[in-house]
Amino acid sequence: MTILAYPEGWLLLFASLYFVGLCGARWVWHRIPVFHPTQPGGHEVQPGPFPQITVVVAARNEAPNIEHLLADLAQQTFAPFEVVVSDDHSEDQTRDLVEVYAGHAAYRLRLLRSLPAQVGKKMAVSSAIAIASGELIVLTDADCRVGKEWLATIWQFYKQNDPKIIVGPITLLPPVGLFAQLQVVEQVSLTVSGAVALALGHPNMANGANLAYPKSVFDEVGGFAGSAHIASGDDEFLLQKIAAVYPNQIQFLKSPSAIVRTLAQPSCQDFFQQRKRWASKWRQHGKAAVALPALIVFMYHFVCGISIFYLISGYSVRPSWIVAAWLLKFCAEGWLLSEGLRFVGYAALAWGILVLQPMYSFYVVLMGIVANFGTYKWKGRKVKPQGGFIG
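This one's a predicted model, so the numbers in the text were calculated from it and none came from an experiment.

(A) Region of the structure containing empty space enclosed by the protein. Enumeration according to the criterion identifies two cavities of 30 Å³ or more in this entry. By volume, the second largest cavity is sized at about 30 Å³. If you trace the second largest cavity, you find it lined by I154, I166, V167, G168, N210, L211, A212 and L253. A per-class count over the lining of the second largest cavity returns six nonpolar, two polar and no charged.

Here is the structure:
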């Protein structure tokens with residue numbers, strides 16, 4: 001009788017395939033070339049009166065963070081560029097802080113106030129792009145920090161490779177505490193898996209905290225038309241639209257100087273709401289190339305979670321098979337994620353991979369289920385996973 005006659009045999013088979021798949025993913029990650037910008041500013045940059053880049057920042061209730069980002073932008077080696085902060089009905093001092101900073105900014109800084117009917121990040125981004133003067137739109141979030149070579153690296157990569165959308169790497173600001181450190185590891189898994197899928201020609205993940213595309217391409221594909229009713233997805237749905245028109249011109253910018261760092265979620269509740277918002281987008285993709293891998297990953301982790309109950313209950317007469325399957329899982333994920341942690345400068349947090357192993361499968365299954373039900377909170381608003389704002 002084959003091993004597939006036993007539930008734990010199926011787990012061992014899936015774990016073996018998972019191991020092979022992640023080893024392949026590590027090989028693909030290494031095959032993505034690291035982009036090294038030239039001297040600060042780069043020889044392609046021709047300073048002049050007109051901005052070549054428009055940095056778009058959609059902000060809502062970001063008074064504690066917005067000035068840090070604006071100060072980082074003042075340190076950029078690239079010139080010329082402009083910044084449009086598009087305020088999404090902030091209820092704090094965000095607008096006032098931007099207006100004060102604009103009075104002495106070393107770059108062109110404009111504040112755009114959303115109209116009453118313009119609610120949500122997509123509306124804010126679309127309004128900002130409509131008035132943008134730059135050839136290239138570069139997006140980040142108000143709670144992010146960027147290095148001084150960020151724009152120069154993006155511009156040089158854009159000019160050398162002619163991508164229609166650039167997906168940039170994301171990590172967290174230096175984490176304080178165990179919970180934040182574990183978030184670093186989880187974020188690395190998203191960055192690396194998204195980069196690998198993109199390199200294989202199946203882009204399925206992007207983050208609006210570090211994204212760039214020509215303004216002409218945004219207009220050509222109709223912007224957010226077709227997904228405007230969904231509160232989230234200003235990044236991934238646009239990625240899919242551009243990939244449908246330019247399937248071979250979507251690129252991941254693998255460069256340490258292009259990394260954007262953002263804040264860790266301060267509590268489990270905040271983390272849960274953010275991840276629920278992210279996961280809620282998967283059902284809306286409508287493409288098998290995107291939805292099927294997500295379903296396969298969900299089913300694999302579901303089987304892994306069930307195996308723990310088998311092991312604890314004594315149901316399985318072959319616990320060694322379950323242990324072997326989890327060892328394969330740990331080795332594959334650890335090998336890949338340690339490379340990602342090294343890239344974003346957090347190699348010392350590789351121990352977090354071991355800590356996350358026992359709980360990650362349950363987390364994936366939980367998020368895959370709850371993302372399709374109820375509501376989630378985002379920036380003080382309640383949102384339906386399959387629709388728009390309700391409060």
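From this point on, the discussion continues.
(B) Focus on the sheet that holds strand β1 (residues 53-59). Judged by pairing direction, the sheet is mixed, and its seven strands sit side by side in the order β3-β2-β1-β4-β8-β6-β9 without closing on themselves. On the outer flanks of this sheet lie β3 (108-113) and β9 (250-252), each paired with one strand and no other. Within this sheet the neighbouring strands show an average axis-to-axis angle of 20 degrees, counted without direction. Bridge count for strand β6 (residues 165-167) against strand β8 (residues 211-214) is two bridges, and the pairing is antiparallel. Following the sheet pairing, V167 is matched in β8 by L211. Strand contacts of helix α3 (residues 94-102): β1, β2 (81-87) and β3, with the helix running at about 155 degrees to β3, the strand carrying the most contacts. Docked against the sheet, helix α6 (residues 178-199) engages β6 and β9, running at close to 140 degrees with respect to β9.

(C) Broad picture of the packing of α6 against helix α9 (residues 268-279). Viewed as axis vectors pointing N to C, α6 and α9 meet at an angle of 10 degrees, and their least axial separation amounts to 12 Å. Of the possible angle classes, the one that applies to α6 and α9 is roughly parallel. Contacts from F179, Q183, E186, Q187 and L190 in α6 reach C268, F271, R275 and W278 in α9. A per-class count over the contact of α6 with α9 returns five nonpolar, two polar and two charged.

(D) Structural view of helix α5 (residues 150-161). Taking 1.5 Å of rise per residue, twelve residues should cover 16 Å, and α5 covers 17 Å from first to last C-alpha, within 8% of that figure. Those residues of α5 not exposed but buried are W150, L151, A152, T153, I154, W155, Q156, F157 and Y158. With its phi angle positive at about 55 degrees, D162 sits one or two positions after the end of α5.

(E) Structural detail: the environment of M367. Mapped onto the secondary structure, M367 falls in helix α12 (residues 351-370). Each C-alpha atom of the pair M367 and A279 lies 6.8 Å from the other, and the pair is 88 residues apart in sequence.

(F) Examining a nonpolar patch on the surface more closely. On the surface, L178, W351, V355 and M359 cluster together into a nonpolar patch covering about 350 Å² of accessible area. The element contributing the most residues to the nonpolar patch is α12, with three residues. If you trace the backbone, L178 turns up in helix α6.

Rules of the game
- Residues numbered from 1 in each chain as written.
- Predicted model: local features only at pLDDT ≥ 70, side-chain atom pairs only at ≥ 80, totals over all residues.
- Heavy atoms only, no water.
- 1 Å grid on protein atoms, 1.4 Å probe; cavity = no way out; pocket = protein on both sides within 12 Å on 5 of 7 lines; lining within 4 Å.
- Points joined across faces, edges and corners; volume = space filled by probe spheres on them.
- Nonpolar A, V, L, I, M, F, W, Y, C, P; charged D, E, K, R; others polar.
- Pairing = 2+ DSSP bridges.
- Helix = DSSP H or I, 4+ residues; strand = E, 2+ residues; numbered from the N terminus.
- Axes fitted to C-alpha atoms, helices over the stretch in contact; angles between N-to-C directions.
- Contact = heavy atoms within 4.5 Å.
- Parallel < 35°, antiparallel > 145°, perpendicular 65-115°, else oblique.
- Expected span 1.5 Å × (residues − 1).
- Buried < 20%, exposed > 50% of the residue type's maximum accessible area, 1.4 Å probe, protein only.
- Patch = residues over 30% accessible without salt bridge, like charges linked within 9 Å, V, L, I, M, F, W, Y side chains within 5 Å.
- Areas by Shrake-Rupley, 256 points an atom, 1.4 Å probe, with all protein chains shown as cover.
- Salt bridge = Lys/Arg side-chain N within 4 Å of Asp/Glu carboxyl O.

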